[in-house]
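Coordinate analysis (summary)
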Amino acid sequence: MQRAAARVLRGLRSPPVRALCAAPGTPPRGLLYERHGEPADVLQLKELELPALGHSDVLIKMLAAPINPADINMIQGTYALLAPLPAVAGNEGVGRVLEVGPGVVAVSPGDCIIPADAGLGTWRTHAVLPEDSLLRVGSDIPLLCAATLSINPCTAFRMLTDFESLAPGDSVIQNAANSGVGQAVIQIAKAMGIKTINVVRDRPDLPQLVERLLALGADHVVTEDALRKPEMKEIFKSIPKPRLALNCVGGRSTTEMLRHLQPKGTMVTYGGMAKQPVTVPVSAFIFRDVRLRGFWMTQWKKDHEKQSMASMVDTLCQMVRKGQLSAPACTAVPLEDFKEALAASMQPFTSSKQILLL
């Protein structure tokens, strides 16, 4: 990997979107896969032929795109949403409009855009996409914030607002708190006045991770093992037990987290990193009447008008401008080093999101 080009960045220190521009005359390239399999085996960096610009199409220069777990699963062929093959990988990112068709009204050349839909193939330098599949964002939004805005922060926002009527002073408990969604939950909850109890796996750099999550606004950070220890009682002397639990792991982590949920509380599952089932004691249903729900951002987009997505993105952008929301810790990597970025993204205890610079 080109060490000088790969750097850990916080979103608020990244350049604004308008600061990046493509070299003129560079042929379009992208990461293409023609069959499903392990990304390192099936992804190829190839020159792409762009289709002609249609009446309602937009020509985009992509600037940056993250590597998310769902991207890996789509390439492997194990995700609920699969693109027709051959396909360009990637579901999220930020780009700049270069040209628009005669029927386009919502964006103009020079505007910055992010995907409104999944499966558009963002790991490429250029794309021609329908206007309806895009959302405009302000060019003052830092690059890494914009590139990582349409999935993780949106997932966090929806889970914090759609399942329980939380008020300032209420609390939320979540596992995988160092994930992209987890970091967004911490920041958005803090802006809403909601306390967070954040569960992470034990690891060699645990003190540094705890310090970083506290700096984001976490109220408490505990390990999965601590969920079963008396120290949890000390936490609940100062804040109420949570009415909402957010689960991205499954297995024992979920069972232990559920024990701390208030009666009639809700646990929302949005991931399964442990690849183990969610196991709930019968007593939790009978005596505490807990509710189990699921959430998938892609399904939410299908169920709601584009304007609902646009309104949420605008709310998140306002939080970014106020300093209430930043990108997760990121490592920016040139497109040519995609194999190293993919390998890094699949390592255990990964706390830095890999961002492809396009």
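Residues numbered from 1 in each chain as written. Predicted model: local features only at pLDDT ≥ 70, side-chain atom pairs only at ≥ 80, totals over all residues. Heavy atoms only, no water.

Applicable threshold: UniProt positions are given in the numbering used here, feature names are shortened, and annotations may be inferred rather than shown by experiment.
Where an unreviewed UniProt entry is consulted, the chain appears under the name Enoyl-[acyl-carrier-protein] reductase, mitochondrial, with the organism given as Pavo cristatus. What UniProt records for the chain under Sequence similarities (unreviewed entry) is the sentence "Belongs to the zinc-containing alcohol dehydrogenase family. Quinone oxidoreductase subfamily." UniProt, in its Subcellular location (unreviewed entry) section for the chain, records the words "Mitochondrion".

Observations concerning the environment of P240
Threshold: Labels follow the DSSP assignment, with helices taken as runs of H or I lasting at least four residues and strands as runs of E lasting at least two, numbered in each case from the N terminus. Contacts between residues were defined by any pair of non-hydrogen atoms, one from each residue, lying within 4.5 Å.
Examined against the element boundaries, P240 turns out to sit in the loop between α7 (231-235) and β13 (244-247). Spatially, the C-alpha atoms of P240 and R293 are 22 Å apart, while their sequence positions differ by 53 residues. Not counting the four nearest positions on each side in its chain, P240 is found in contact with G169, D170, S171 and Q262.

Description of the packing of aromatic side chains
Condition: Put simply, two rings from Phe, Tyr or Trp (the six-membered ring, in Trp's case) pair if the centres are within 6.5 Å, and we call them stacked under 30 degrees between planes, edge-to-face over 60, tilted for the rest.
If you walk through the whole model with that rule in mind, you get two aromatic pairs. Ring geometry for Y79 versus W296: centroids 5.8 Å apart, planes at 80 degrees, classification edge-to-face. With Y79 in the loop between α2 (69-76) and β5 (87-88) and W296 in the loop between β15 (291-294) and α10 (297-303), this residue pair connects regions lying 217 residues apart in the sequence. Ring plane angle 90 degrees and centroid distance 6.2 Å describe the contact between F163 and F295, whose orientation is recorded as edge-to-face.

A closer look at α2
Heads up, the condition is: Each residue is assigned to one of three classes by its accessible area relative to the maximum for its type, calculated with a 1.4 Å probe on protein chains only: buried under 20%, partly exposed between the two thresholds, exposed over 50%. This arc is taken over the directions from the axis of the helix to the C-beta atoms.
Residues of α2 that are buried include every one of D71, I72, M74 and I75, and no others. The buried residues of α2 occupy an angular sector of 160 degrees when projected down its axis, which confines them to one face. Immediately beyond the C-terminal end of α2, within one or two residues, lies G77, with a positive phi of roughly 85 degrees.

Some remarks on the packing of helix α4 (residues 152-162) against helix α11 (residues 306-321)
Basically, it comes down to this: In this analysis, axes come from line fits to C-alpha atoms, helices being fitted only over the stretch in contact, and the angle between any two N-to-C directions falls in the range 0 to 180 degrees. Throughout this description, any angle smaller than 35 degrees is read as roughly parallel, any larger than 145 degrees as roughly antiparallel, any in the 65 to 115 degree range as roughly perpendicular, and the remainder as oblique. Note on residue categories: nonpolar means Ala, Val, Leu, Ile, Met, Phe, Trp, Tyr, Cys or Pro, charged means Asp, Glu, Lys or Arg, and polar means any other residue, Gly included.
Between α4 and α11, the least distance of the axes is 10 Å, while the angle of their chain directions is 100 degrees. Taken together, the axes of α4 and α11 lie roughly perpendicular to each other. On α11, the residues touching P153, C154, F157 and R158 of α4 are M309, M312, V313, T315 and L316. A breakdown of the residues in the contact of α4 with α11 according to their chemical character gives seven nonpolar, one polar and one charged.

Observations regarding the sheet that holds strand β3 (residues 44-47)
We apply this condition: Pairing between two strands is assigned when DSSP locates at least 2 bridges connecting them.
Overall, antiparallel pairing links the three strands, which are arranged β3-β2-β5 in an open sheet. The open sheet is flanked by β3 and β5, the only strands paired with a single partner. Direction of pairing for strand β2 (residues 29-33) relative to β5: antiparallel, over a ladder of two bridges. Residue L32 lies in a different strand from β5, and its bridge partner there is V88.

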